[in-house]
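So you can see what is in the structure, the chains are spelled out below.
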Amino acid sequence: MAKVAQPRSQVAVPARDAVALPERAAEHASASNCRASSRRWLPTVGLLAWIAVAAVAGCSTEPAPRDTHNTISDSGDISSFFYELLLWLDVVIGVAVVAVWAWALVRFKRAAGDDTLPVQNHGDAKMEMIWTAIPTVIVIAITVPMLVGVFRLAKRPDQNQQIIEIDVTGKQWWWEFQYKGGSANGLHTANEVHVQANTAVVMNMTSSDVIHAWWVPRLTGKRDATPGRSYPLYFTAREPGIYDGQCAELCGASHALMGTKLFVHPPAKEVEVEYAGKKVTLDSYETWVKGQLAPAAAPTGPELERGAKLFKDKTCPTCHLVKGLEGAESASPSMTTGPNLTHVGSRMTIGANTLPNTPDNVAKWILDPQAIKPGAKMTKIAMSPDEAKAIAAFLTSLK
Ligand code: HEC
Ligand SMILES: [Cu+2]
């Protein structure tokens, strides 16, 4: 007959605690060969070293393009402050807990041969009070400033000062910006949003399809763009510059290719800023506004004229507006209506921060938008590469 395996609990091995203590101590002494124990620690030390290397591998003193730490606005500073507050509180608590634990390990180590139970302090009122009071103080230390911060972030800027107000609409997979009031009233652009340094900005976020979230990490926190609702985002950006952003709410096939760019213009004279290691000149905000409000430049020369004609012949104006180009001034609003192209040549990128705005890239995009952005809501219209090149030349001339 086959031998039936016995459950482990029934195997007659003396339970560890039943081994007499002196015996155990002797067993321990013989095993604690110094070299063996250092070899035992080797994998742990190696693993910790690797984690340490991995943890610092991404470190840099330069602010990264999508850095949440080197914030450039008043509301960004509030979120940054809480990040730092929580980080340092956690470091202090973590170090304190590990230190007490390590001290207790050494201080209360059971001596060889000591078989007595330590003093039990279950229900010790003093200790219970201490470890209720400390977390309460910590929670209050976080909650009170946090509430102040939440109310400050939600405070609409004073109406008496200059305000730039922009209706922001998230669409699969790009952003539409419509300026309201002030010198930019009626301005309508896409993907790249422009504001003025040291000027309060009010953004009203919504969506025309699914939930998106507008997020420029160096500016401030994320704000949901939800269909049928409008959520405000308030900020005053400090430093002129160009800042990258990303849709932060999974919104379908090309969610990862739904970027945005924030341009913070100087209020008066143009300035030079650094972007991606290159020097870029930023006009004053009012100069930018004036340029964008003007109708598109009329095509000059046969090649651009051919491009403009092809743009209309290939039915692009059903979805795209080019103010000033006859026959392309009113795209019918629908779910697939595309970005305003009146000044598309002045954008740094196309396809919502997906490709640099060069004639070659625009031609590639026109020939096959879905090859660049899976699921893109732009119809793939049959044409020859030469025709796409002519349209691209015309579009990139629209500064
Ligand atoms: C059915 C509507 C539709 C038609 C027709 C259409 N497009 Fe588009 N187009 C879009 C949408 C939507 C986008 C935004 C896609 C994205 O970024 O996800 C877009 C984006 C673009 C962009 C990039 C703009 C930017 O700022 O990122 C260019 C350039 C463009 N289209 C050119 C054309 C040309 C040229 C034609 C005609 C050959 C055309 N489109 C036809 C809907 C359309
Ligand atoms: Cu999105």
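Residues numbered from 1 in each chain as written. Chains lettered and ligands numbered in written order. Predicted model: local features only at pLDDT ≥ 70, side-chain atom pairs only at ≥ 80, totals over all residues.

1. Quick look at the nonpolar core
Argument step 1. In this structure, Ile166 and Val168 are the most contacted members of the largest nonpolar core, which totals 42 residues.
Argument step 2. Breaking this core down by element, the ones donating at least two residues are β1 (163-171), β2 (174-180), β4 (192-196), β5 (200-207), β6 (212-214), β8 (231-236), β10 (259-265) and α5 (285-293).
Argument step 3. Setting aside residues up to four positions removed in sequence, Val168 forms contacts with Trp175, Phe177, Met203, Asn204, Met205, Trp214 and Ala225.
Argument step 4. The next biggest cluster of nonpolar side chains, apart from the first, holds 24 residues, and it includes Ala296, Ile350, Val362 and Ile391. (Core = buried A, V, L, I, M, F, W, Y, C linked by C-beta atoms within 7 Å. Buried ≥ 20, exposed ≤ 12 C-beta atoms within 10 Å, placed from the backbone. Helix = DSSP H or I, 4+ residues; strand = E, 2+ residues; numbered from the N terminus. Contact = placed C-beta atoms within 7 Å.)

2. What to know about the packing of helix α7 (residues 359-367) against helix α9 (residues 385-396)
Argument step 1. Between α7 and α9, the least distance of the axes is 8 Å, while the angle of their chain directions is 125 degrees. With respect to each other, α7 and α9 are oriented oblique. Crossing hand, α7 versus α9: right-handed. Packed against α7, whose contacting residues are Pro359, Val362, Ala363, Ile366 and Leu367, the element α9 presents Pro385, Ala388, Lys389, Ile391, Ala392, Ala393, Leu395 and Thr396 at the interface.
Argument step 2. Of the residues assigned to the contact of α7 with α9, the class counts are 11 nonpolar, one polar and one charged. (Axes fitted to C-alpha atoms, helices over the stretch in contact; angles between N-to-C directions. Parallel < 35°, antiparallel > 145°, perpendicular 65-115°, else oblique. Left-handed = near helix turned anticlockwise from the far one by under 90°. Nonpolar A, V, L, I, M, F, W, Y, C, P; charged D, E, K, R; others polar.)

3. Looking at the domain arrangement of the chain
Argument step 1. Taken domain by domain, the chain comprises domain 1 (163-293) and domain 2 (302-396).
Argument step 2. Distance from the C-alpha centre of domain 1 to the C-alpha centre of domain 2: 21 Å.
Argument step 3. Those elements giving two or more residues to the side of domain 1 that touches domain 2 turn out to be β2, β3 (188-190), β10 and α5.
Argument step 4. Residues that form the side of domain 1 that touches domain 2 fall into these classes: seven nonpolar, 11 polar and four charged. (Domains from an automatic or database assignment.)

4. Overview of the site of ligand 1
Argument step 1. The immediate surroundings of ligand 1 are formed by 30 residues, with Trp174, Cys316, Cys319, Gly338 and Met378 found nearest.
Argument step 2. Among the elements that line the shell around ligand 1, the one with the most residues is α7, at three residues.
Argument step 3. The residue makeup of the shell around ligand 1, split by class, is 18 nonpolar, eight polar and four charged.
Argument step 4. In this structure, the shell around ligand 1 is formed jointly by two domains, domain 1 (163-293) and domain 2 (302-396), each of which donates at least three residues. (Near = placed C-beta within 6 Å.)

5. Overview of α5
Argument step 1. Those residues of α5 that fall on the buried side of the exposure criterion are Tyr285, Trp288 and Val289. The buried residues of α5 occupy one face: seen down the axis, they fall within an arc of 100 degrees. (Arc of directions from axis to C-beta.)

6. Some remarks on unusual backbone geometry
Argument step 1. A cis geometry characterises the amide bond from Gln172 onward to Trp173, with omega recorded as 0 degrees.
Argument step 2. By the secondary structure assignment, Trp173 is in the loop between β1 and β2.
Argument step 3. A positive phi is found at Thr315, a non-glycine position, where the angle reads about 65 degrees.
Argument step 4. You can see Thr315 is positioned in the loop between α6 (302-313) and β13 (349-350).
Argument step 5. Here Thr315 falls in the exposed class, since 11 other C-beta atoms lie within 10 Å of it.
Argument step 6. For Ala352, which is not a glycine, the phi torsion comes out positive at approximately 60 degrees.
Argument step 7. By the secondary structure assignment, Ala352 is in the loop between β13 and β14 (355-356).
Argument step 8. You can call Ala352 buried: it has 25 C-beta atoms within 10 Å.

7. A closer look at the confidence of the model for the chain
Argument step 1. Summing up the model confidence of the chain, the mean pLDDT is 89 and the portion of residues at 70 or higher is 90%.
Argument step 2. In the model, residues 1-32 has pLDDT below 50 throughout and makes nine contacts with residues more than four positions away in sequence or in other chains. (pLDDT = per-residue confidence, 0-100.)

8. Topic: the sheet that holds β4
Argument step 1. Across the sheet, which stays open at both edges, the three strands sit in the order β4-β10-β9 with mixed pairing between neighbours. A single partner strand is all that each edge strand has here, and the edge strands are β4 and β9 (241-246). With strand direction ignored, the average angle separating the axes of adjacent strands in the sheet is 20 degrees. (Pairing = 2+ DSSP bridges.)

9. Some details on the sheet that holds β5
Argument step 1. Strand order in the open sheet formed by five strands is β3-β2-β1-β5-β8, with mixed pairing between adjacent strands. Two strands in the sheet have a free side with no partner beyond their single neighbour: β3 and β8. Strand-to-strand twist in this sheet, taken as the mean axis angle between neighbours without regard to direction, amounts to 25 degrees.
Argument step 2. Across seven bridges, β1 lies against β2 in antiparallel orientation. Counterpart to Gly170 in the pairing with β2 is Trp175.

10. Structural notes on the environment of His122
Argument step 1. Note that His122 resides in the loop between α3 (74-107) and α4 (125-153).
Argument step 2. Separated by 137 residues in sequence, His122 and Gly259 place their C-alpha atoms 57 Å apart.

11. Some details on the environment of Val216
Argument step 1. Position of Val216 relative to the elements: it lies in the loop between β6 and β7 (223-225).
Argument step 2. Sequence-wise, Val216 and Glu387 are 171 residues apart; in three dimensions their C-alpha atoms are separated by 36 Å.
Argument step 3. Apart from residues no more than four positions distant in its own chain, Val216 is found in contact with Tyr243, Gly245, Thr260 and Leu262.

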